[in-house]
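Residue strings, one per chain:
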Amino acid sequence: MNMPLLRMIFKVLIIGTIYIIIFWALKIMYKDIKKVNRKKNNTRIWGLEVIRVGDVNSQLRVGSVIPIHDKLTIGRKKDNILVLKNEYISQHHAVIFIKNNKCFIKDLRSINGIMINNTKISKESYLMSEDEISIGKYTFKLIG
């Protein structure tokens, strides 16, 4: 074999290999982009809209929205995410949490309990969008 023919074969092999690598890289990037878009569309965003405020000196305002990420602890003690100042609310009153893109509320053995749509709950309960949650003198509406 002569040298020019051998050079031509190596050039074709190198260029072919580069094209195959570029094709694989683009294919992997395309799959990743599709996966990210699919996850974004399935994720629901939850929040509590303040309907009624229990205390005049409260930092909360009617109409404001409190986002719920993974969990939202509610109570009178300052280590809660949502601190409610009212004598009818326990130190650690309740927790709202997201599980499998669904929203749940759990009473943390509070004295006065929790009302969902004017019904007192005693165990972990599933929440649906537009449910009204009453804790002490505060009322919230679940949005999402």
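As recorded by an unreviewed UniProt entry, the chain carries the name FHA domain-containing protein and is attributed to Clostridium aestuarii.

> For this particular structure, what's the right way to read the sheet that holds strand β2 (residues 65-68)?
Within a sheet, adjacent strands bond to each other through the backbone by hydrogen bonds, running parallel or antiparallel. Reading across the sheet, the 6 strands line up as β2-β1-β11-β10-β7-β8 and stay open at both edges, with antiparallel pairing between neighbours. Strands with a single pairing partner mark the edges of an open sheet, and in this sheet they are β2 and β8 (119-121). Each strand axis lies, on average, 30° off the axis of its neighbour in the sheet, ignoring direction. Relative to strand β11 (residues 138-143), strand β1 (residues 46-52) runs antiparallel, the two being bridged by 5 bridges.

> Quick question: what am I supposed to make of the UniProt feature "domain: FHA" (unreviewed entry) in the chain here?
The UniProt feature table records "domain: FHA" (unreviewed entry) at residues 72-121. Helix makes up 0% of residues 72-121 and strand 48%, with an end-to-end C-alpha separation of 18 Å.

> Is there a simple way to think about the sheet that holds strand β4 (residues 82-83) in this case?
Spatial strand order, β4-β3-β5-β6-β9: 5 strands in an open sheet with mixed pairing. Whereas interior strands pair on both sides, the edge strands pair on one side only; in this sheet they are β4 and β9 (125-127). With 6 bridges joining them, strand β5 (residues 94-99) and strand β6 (residues 102-107) adopt antiparallel strand pairing. Bridge pairing in β6 links Ile 96 to Ile 105.

> Quick question: what am I supposed to make of the nonpolar core here?
If you look at soluble globular proteins, the nonpolar side chains tend to sit buried side by side. Leu 48, Leu 82, Leu 84, Ile 96 and Phe 140 are the most contacted members of the largest nonpolar core, which has 24 residues in total. At the level of elements, β1, β2, β3 (71-75), β5, β6, β7 (114-116), β10 (132-135) and β11 are the ones that each hand at least two residues to this core. If near-sequence neighbours (up to four positions away) are discounted, Phe 140 is found in contact with Leu 48, Glu 49, Val 50, Ile 51, Leu 60, Ile 66, Leu 82, Leu 84, Asp 131, Glu 132 and Ile 133.

> How should the pattern of salt bridges be read in this particular structure?
If the charged atoms of two oppositely charged side chains come close together, the side chains can form a pair. Within this structure, the stated rule accounts for 2 salt bridges. Among the ionic pairs, Glu 49 bridges to Lys 141, the shortest N-O distance being 3.9 Å. A residue pair is termed long-range when its members are at least 10 positions apart, and Glu 49 in strand β1 and Lys 141 in strand β11 qualify at 92 residues. Relative accessible area serves as the criterion here: at 22%, Glu 49 is assigned to the partly exposed category.

> What is the right way to look at the pairing of β3 in this model?
Two faces make up the sheet, and in a regular strand the side chains alternate between them. With 4 of its 5 residues buried, β3 lies for the most part within the structure. Pairing of β3 with β5, which is carried by 4 bridges, proceeds in the antiparallel orientation. Looking at the pairing, Ile 74 lines up with Ala 94 of β5. Looking at chain direction, β3 and β4 are connected through 2 bridges and run parallel. Residue pairing across strands places Ile 74 opposite Leu 82, the latter belonging to β4.

> Would you take a moment to explain a nonpolar patch on the surface for this structure?
Taken together, the side chains of Met 3, Leu 5, Leu 6, Ile 9, Phe 10, Leu 13, Ile 14, Ile 18, Ile 22, Leu 26 and Met 29 make up a nonpolar region of the molecular surface, amounting to roughly 1,000 Å² of accessible area. Examined against the element boundaries, Met 29 turns out to sit in helix α1 (residues 3-42).

> Is there a simple way to explain the side chain of Asp 131 in this structure?
Within the secondary structure, Asp 131 sits in the loop between β9 and β10. When its relative accessible area of 9% is taken as the criterion, Asp 131 is described as buried. Once residues within four sequence positions are removed from consideration, Asp 131 is found in contact with Ile 116, Asn 117, Tyr 126, Phe 140, Lys 141 and Leu 142.

Conventions adopted
- Residues numbered from 1 in each chain as written.
- Predicted model: local features only at pLDDT ≥ 70, side-chain atom pairs only at ≥ 80, totals over all residues.
- Heavy atoms only, no water.
- Pairing = 2+ DSSP bridges.
- Helix = DSSP H or I, 4+ residues; strand = E, 2+ residues; numbered from the N terminus.
- Axes fitted to C-alpha atoms, helices over the stretch in contact; angles between N-to-C directions.
- UniProt positions renumbered as here; feature names shortened; annotations may be inferred.
- Core = buried A, V, L, I, M, F, W, Y, C linked by side-chain atoms within 4.5 Å.
- Buried < 20%, exposed > 50% of the residue type's maximum accessible area, 1.4 Å probe, protein only.
- Contact = heavy atoms within 4.5 Å.
- Salt bridge = Lys/Arg side-chain N within 4 Å of Asp/Glu carboxyl O.
- Patch = residues over 30% accessible without salt bridge, like charges linked within 9 Å, V, L, I, M, F, W, Y side chains within 5 Å.
- Areas by Shrake-Rupley, 256 points an atom, 1.4 Å probe, with all protein chains shown as cover.

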